[in-house]
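Coordinate analysis (summary)
For reference, the chains in residue letters:
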Amino acid sequence: MLTRAPQLTSWRMVFPALWVGVLCFTFGDNSARAGAVPVFESDVRPILKAHCFHCHGEGEELKGGIDVRLKRFLETATTEDHGRVMVPGSAEQSHLLALVRSGDMPKGEKKLKPGEIDIIEAWIAAGAPTVRPEPETLPRGFVITEEEKHFWSFLPIARPEVPAVTGEENPIDAFIQQNLREQAEGLELAPEADRLVLLRRVYLDLSGLPPTPEEAAEFLADDGDNAYERLVDRVLDSPRYGERWGRHWLDVAGYSDSNGYAEADSVRPFAWHYRDYVIRSFNADKPWDQFITEQLAGDELAGVTHESAAKKIMDPTTRELLSATGFLRMAPDGTGDGVDDQNLARNQSIAETLNIVSSSLLGLTVGCAQCHDHRYDPISQADYYRMRAIFEPGFDWKNWRSPAQRLVSLYTDEDRAKAELIEADARKVDEEVNALRKKLLDEVFEIELTRLPENLREAARTARGTPAGERTDEQRALFKEFPAADVQGALDLYDPERNKQVTAKQGEAAAIRAKKPQEPNVMVFTEKAGVLPATFVFNRGDHDEPRGAVDPCELQVLGGNVFAADDPSLASSGRRLAYARWLTNGEHPLVARVLVNRFWMHHFGRGLVSTTGEFGSLGERPSHPELLDWLAREFMASGWRLKPLHRLILTSRVYRQSAQNPDSSRQDPENRLYARWKLKRLEAEVIRDAMLAVSGVLNEEPFGEPVPIAQDGVGRVVAGEQKTDGRGDPTIAVDIGERAFRRSIYVQARRSLPLTIFEAFDSPVMSPNCESRNVSVVPSQPLLMLNDSFVADQARRFATRISVECRGDSSDRIRRAWQLAYQCEPTENELQRASDYLASQIALFEQRAASKSGEKDAQQDPEALALASFCQALFGSNRFLYVE
C-alpha cells in the first residue's frame, strides 16, 4: 500500500516572503547574489552543510560541543581558547572565520574555497542576517529546511501558460521566443535550415542512420503541404527508430554484456533479452509509466516469484515482463567470479543498482548518502537505506543469488527430453573414458612403484587407495618425498601416446553433448515468496556494522511515502510495484522532468538542465524552467508516450533552425538560448553504422544474441571470434562474415573491452551507468579514421559499391559517392577538387606499382585504390561525422 504525504503547491507560489531569499539558491550557484547581502539559509548554510554538519550537528557526536546548523547556535557558541565562534558584524572577532581561513577547519583534505570564505565573511560583516526567525531548538541529526523543501526540482510540476507570441503556433517556439526577448533583446531565431540538411538531421536523430539517396529523392519530390511532418512520421515508424533511441536508454540503464566489478569481467550471455525488450518498447511507443513500472516490478506485475518463474516464463507476456526486470540486473556484479570478499561484492552490487535507479529516474545522487548524510542535498543516510529497503527483498544479501542463479530457462519440455537422451549417450562414453583412464593410471603406478624402496611400496599402495582429503600426515609426507608415486596427472609425462586415447574419447563425449538444443535463459530480478529481509542503516556504509532497521520509504524531502507490503493478491512484497506506481502517478516532482530533459538533450545536444543526472543543488538550474515544466506536463498528458513529444520537438522552429546565426554565436556562444542549431558530432555507434550503411554492407537483422568481439593480432578490438594461445591470451580475431556488420547496438558490450572505434569516439563507460556521454575532439580520432583497418575496409567496400552502381567516368562516381555519403550533389568546386584528388592518387598508386613489379595486379588496381582512398576521406570529413 502507498501512504502519501500532503503535496506542496507550485514552485513559484509557495511562501512569497521567501522568494527573494530563495532565488539565488534556486537558480544560481551557492555564491551570494551579485550586489546582495548574503543570508544564512540560502548562502551560508549550504556551505556549512557540505563541510561542517557531519561533525557539528548531524553526526552522532557533537564535536567540541558546537552545533553550526543555525545562526543562533553559531552566535552563542564559544571556545575555551578563542572565545566566540561568530560575532555578528565583526569578522575579526569571529573564530569561525579564522579557522576556515587558516585551513584548520574543516579537518581533512577538502577545504573551503576562497569564494565560500568570502561569502561567510560578507555575511558576518553584514550582521549575520537570516530570512526568518529561527526555531529555539533543533532535534539532533538530520533536518530539512524550508529552502531545501522548496528547491526548484522538489516542487510539484507546474503547467505554465504558453506565452502569447505573435506568429508562433508551436508552444516550444513560444517559450523559446519569450525567453529570447527577456534575456537577449533583438536576438532572433536562425532561419530554417535547407531541406537536405533537415532530411539528414531527422534521419540521424531518430534512426541513427543516414538517409539513402532514394529516401532523399522521395522527400525532395514531396512538395505538398506537411511534407516535413510526413518525413518525421516515416522515420518514427521505422524499426530503426527503436534501435537508435533504445540505445539512449541503455546508456542510463547501464546496459552491459559483462558483469564487471571483478578483473575477470565475465560475460553475461543473456543480457540481450533486456536490450531487445527496450528496443521493442521504443518501437511500440510503449507509455513510459508502463515502461518504468515493468522495469522496476515486471515480476510483481506478472505475479511471479523466484520459485514460480520457471513455470510461468513460457507465457509471452510474462516473458516480456521478466525480461524488463533485467534493468535491475545491469549493475556490476562480481559475485559469480570468485571475488575475495563476497559480502562486499554483494552490497556493492546493490549500491550500484540504487545509483542506476536514482540517477536514471530521479536525477539525484542518492548514492552520496550511503555512508553519511548527503553533504549538499536534503537526503539523509536513513533515506538511502529506506530506498534500499524497497529493493531489499529481491536482493537479500545474506541469502544471495549469484548471476547464474538469477537465470530462468526457456527450455521447452521437448528440448529438455531431447537433451536428456543426448546426455545419456554422452555418459556412456564418459564411463569408457573413466575405465580407460583408470587402466592407464594403474599401469603407470605399477611402473613407478618399482622405483620406490621395497619397504615403502605397500604403504604407497595403501596411500594411493586413500582419498586425498583423508590421507594421514605420513601418507602426505610419503608423496611429498616421492611425488612420482602419486600418479594423478602423470599420464602426460610417462604414457603420452596412450593418453591421447583418453583425450580422443573425451572429445567424443563433448561432440555428443554439442548436439543438445541450446538452453536459452533470461536474466531476471525476482523475490522469494514470503521472504522479507530487514534493512538496516550501515554505520559509515559498512555492512558489518548494522544499526537501526528502516522501512521502505520515499525520500523524506519528496514526502516520505511508505511502501508497505500488505497486498494479499501478490506473492511478493509489492514494494517495488508500489514505488513504481508512485513514481508514475503524475504527482512525482522529478521523474517526468528528468525524462523530458533527457529527451531534449538527445535532440539538441544539451538539456534544459545541462546536468542531466544531477537535479540537486550541485546541478545547474534550468535555462528555461517554464518550458521544462510545460514539456513534462504535456508528456504526461499525452499518455507518457514519447513519439508525440518527438513530433512536437521536431516540428518546432527551434529544431528546424540553421546552424548559422552570427548574432547568436556572438551573444550566446554556448547556445543556452537556442537561437541556432548546435552542430553535433555523431556518437560512436552511429559513426560505425553510417559507414556500414554507406558502404552497402549493413546487416539489418534485429534482436538476438550479440555479435562477439575479439582482439586481433595488434590489440585492436573488433567484431569476430576470439582465438587464444595455450595460456588463454588472445591471438587473432576470426572473421565471422556478415554477422560482423550488424548494427552497433547488437555488438557485445564488454565493460573492459569496447570496440576500438567505439572507445576512440567516446562510447559510454558503464560505471555503473552513463547519464551523459563525453564529446571529445582529440588527435587520436582523425588518426583512427586514417589508419584503422575497419575504416579502411569499409572505404574499400564503399568504393566497390560505387564502381558496381556507377559505370560512368570519375565525375559520375564522385557524384554517386556524394549522394551516398552526404545525400546531395557536389558543387562544381567540390567536383573539381575531388576529381583532382582522384587523379593525383591514381598517379601515385601507378608510380608505386611500377616501382614494385611493373605488373598491374588486379587487387592493386590504382583506380580502385584511389577511389577507396577518396571514400575514406569522405568518412573522415566533418560533413560525414557531424549533424548540421
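The structure under discussion appears in the preceding block.
Reference entry: report on the structure contained in this document. Source: prediction; values computed, not measured. (Residues numbered from 1 in each chain as written. Predicted model: local features only at pLDDT ≥ 70, side-chain atom pairs only at ≥ 80, totals over all residues. Heavy atoms only, no water.)

Scanning the chain from N- to C-terminus turns up 35 helices and 14 strands. With respect to the principal axes defined by its C-alpha atoms, the chain has extents near 100 × 85 × 60 Å. Counting over 884 residues, the chain shows a buried share of 53%. Look at the contacts in the chain between residues 6 or more apart in sequence, and 71% of them connect residues 24 or more apart. Of the roughly 39,600 Å² of accessible surface on the chain, a fraction of 51% belongs to carbon and sulfur atoms. Across the chain, the 107 positively charged side chains and the 136 negatively charged ones have centroids separated by 1 Å. (Helix = DSSP H or I, 4+ residues; strand = E, 2+ residues; numbered from the N terminus. Buried < 20%, exposed > 50% of the residue type's maximum accessible area, 1.4 Å probe, protein only. Contact = heavy atoms within 4.5 Å. Areas by Shrake-Rupley, 256 points an atom, 1.4 Å probe, with all protein chains shown as cover. Lys, Arg positive; Asp, Glu negative; His and termini not counted. Charge placed at Lys NZ, Arg CZ, Asp CG, Glu CD.)

With that settled, the discussion passes to the pairing of strand β12 (residues 721–724). Direction of pairing for β12 relative to strand β13 (residues 730–734): antiparallel, over a ladder of four bridges. Counterpart to Q722 in the pairing with β13 is A733. The hairpin formed by β12 and β13 contains five residues between the paired strands, and G728 there has a positive phi angle of roughly 90°. (Pairing = 2+ DSSP bridges.)

Next up on the list: the state of the cysteines. Considering all chains together, one arrives at zero disulfides under this definition. Distance from the sulfur of C55, which forms no disulfide, to the nearest cysteine sulfur (C52) is 8.4 Å. Taking relative accessible area as the criterion, C55 reaches 24% and is therefore assigned partly exposed. Among the cysteines around C368, which has no disulfide bond, C371 carries the closest sulfur, lying 9.7 Å off. (Disulfide = S-S within 2.5 Å.)

Here we take up helix α9 (residues 213–221). P213, A216 and F219 are the residues of α9 that are buried. Mapping the buried residues of α9 onto a view down its axis gives an arc of 125°, with all of them on the same face. Where α9 is buried, its residues contact α8 (195–206), α10 (227–236) and α32 (810–822). (Arc of directions from axis to C-beta.)

For the structure on display, the rule yields 64 salt bridges. Ionic pairing is found between R816 and E214, a salt bridge with its closest N-O pair at 4.0 Å. Highlighted residues: R816 in helix α32 and E214 in helix α9, separated in sequence by 602 residues. Overall, the relative accessible area of 16% leaves R816 in the buried class. By relative accessible area, which is 49% here, E214 ends up partly exposed. A salt bridge links D725 to R727; the nearest nitrogen and oxygen atoms lie 3.7 Å apart. In this structure D725 comes out as partly exposed when scored by relative accessible area, which is 27%. The class for R727 is exposed, based on a relative accessible area of 71%. In this structure, a network of salt bridges that share partners links the residues R240, E243, R688, D689, E700 and R743. (Salt bridge = Lys/Arg side-chain N within 4 Å of Asp/Glu carboxyl O.)

We now examine the nonpolar core. Of all hydrophobic cores here, the largest spans 170 residues; its most connected members are W249, Y274, W288, L296, Y579, L631 and F798. At eight residues, the largest contribution of residues to this core is made by helix α24 (residues 591–604). With residues near it in sequence (within four places) discarded, Y579 still touches L296, L362, M387, I390, F391, E554 and F563. Listed in part, the 23 residues of the second largest apolar core include V44, L96, I124 and A128. (Core = buried A, V, L, I, M, F, W, Y, C linked by side-chain atoms within 4.5 Å.)

Applying the stated rule across the entire model yields 34 aromatic pairs. Measuring from ring centre to ring centre gives 5.6 Å for F282 and W288, while their planes differ by 85°; the resulting arrangement is edge-to-face. The interplanar angle of 75° and the centroid separation of 5.6 Å between the aromatic rings of F599 and F635 together place this pair among those described as edge-to-face. Taken together, the residues F599 in helix α24 and F635 in helix α25 (residues 625–637) connect sequence positions 36 residues apart. Through successive ring pairs, a cluster of aromatic residues spans Y241, W249, Y274, Y277, F282, W288, F291, F327, F599, F635 and W640. The ring centre of Y655 lies 5.9 Å from the NZ or CZ of R201, which sits over that ring. For R879, the ring lying beneath its charged end belongs to Y822, and the centroid distance is 4.8 Å. (Phe/Tyr/Trp six-rings, centres within 6.5 Å; stacked < 30°, edge-to-face > 60°. Lys NZ or Arg CZ within 6 Å of the ring centre and 35° of its normal.)

This part takes up the environment of E229. Structurally, the position occupied by E229 is in helix α10. The exposure class assigned to E229 is partly exposed, which follows from its relative accessible area of 28%. Along the chain, E229 and T462 lie 233 residues apart, while their C-alpha atoms are 87 Å from each other.

The omega angle of the peptide bond from M105 to P106 is -5°, so this bond is cis rather than trans. One non-glycine residue, Y261, adopts positive backbone phi at about 65°. Note on placement: Y261 falls in the loop between α11 (239–253) and α12 (272–283). Residue Y261 is classed as partly exposed on the basis of its relative accessible area of 38%. One non-glycine residue with positive phi stands out, namely D265, at about 45°.

Quick reminder: α-helices carry 3.6 residues per turn. Residues three or four places apart thus point the same way. Here α32 contains 13 residues, and its C-alpha end-to-end distance of 18 Å stays within 8% of the 18 Å for a straight helix at 1.5 Å per residue. All of the buried residues in α32 are I814, R816, A817, W818, L820, A821 and Y822. Where α32 begins, one side-chain oxygen reaches toward the backbone nitrogen of S811, 3.1 Å away; that side chain belongs to D809. Backbone geometry just after α32 places Q823 at a positive phi near 65°. (Expected span 1.5 Å × (residues − 1). Polar contact = N/O pair within 3.5 Å; in protein donor to acceptor, adjacent residues only side chain to side chain.)

Now for the packing of α32 against helix α33 (residues 828–852). Running from N to C, α32 and α33 point in directions that differ by 115°, and their axes come no closer than 10 Å. When the axes of α32 and α33 are compared, the crossing they make is right-handed. Taken together, the residues of α33 that come into contact with α32 (itself represented by S810, S811, I814, R815 and W818) are E830, L831, A834, S835 and L838. Residue composition of the contact of α32 with α33, grouped by class: five nonpolar, three polar and two charged. (Axes fitted to C-alpha atoms, helices over the stretch in contact; angles between N-to-C directions. Left-handed = near helix turned anticlockwise from the far one by under 90°. Nonpolar A, V, L, I, M, F, W, Y, C, P; charged D, E, K, R; others polar.)

Looking at the element boundaries, L449 is found in helix α18 (residues 413–449). On the basis of relative accessible area, L449 is assigned to the buried category, the value being 5%. Separated by 12 residues in sequence, L449 and R461 have C-alpha atoms that sit 8.2 Å apart. Not counting residues within four places of it along the chain, the set of residues in contact with L449 comprises R457, A460 and R461.

On to the side chain of N699. Following the sequence through the fold, N699 ends up in the loop between α28 (684–695) and β10 (709–711). Exposure remark for N699: the relative accessible area of 13% places this residue in the buried category. A polar atom in the side chain of N699 sits 3.0 Å from the backbone nitrogen of E701. Within the structure, the side chain of N699 is placed 3.3 Å from the backbone oxygen of E738, a separation counted as a polar contact.

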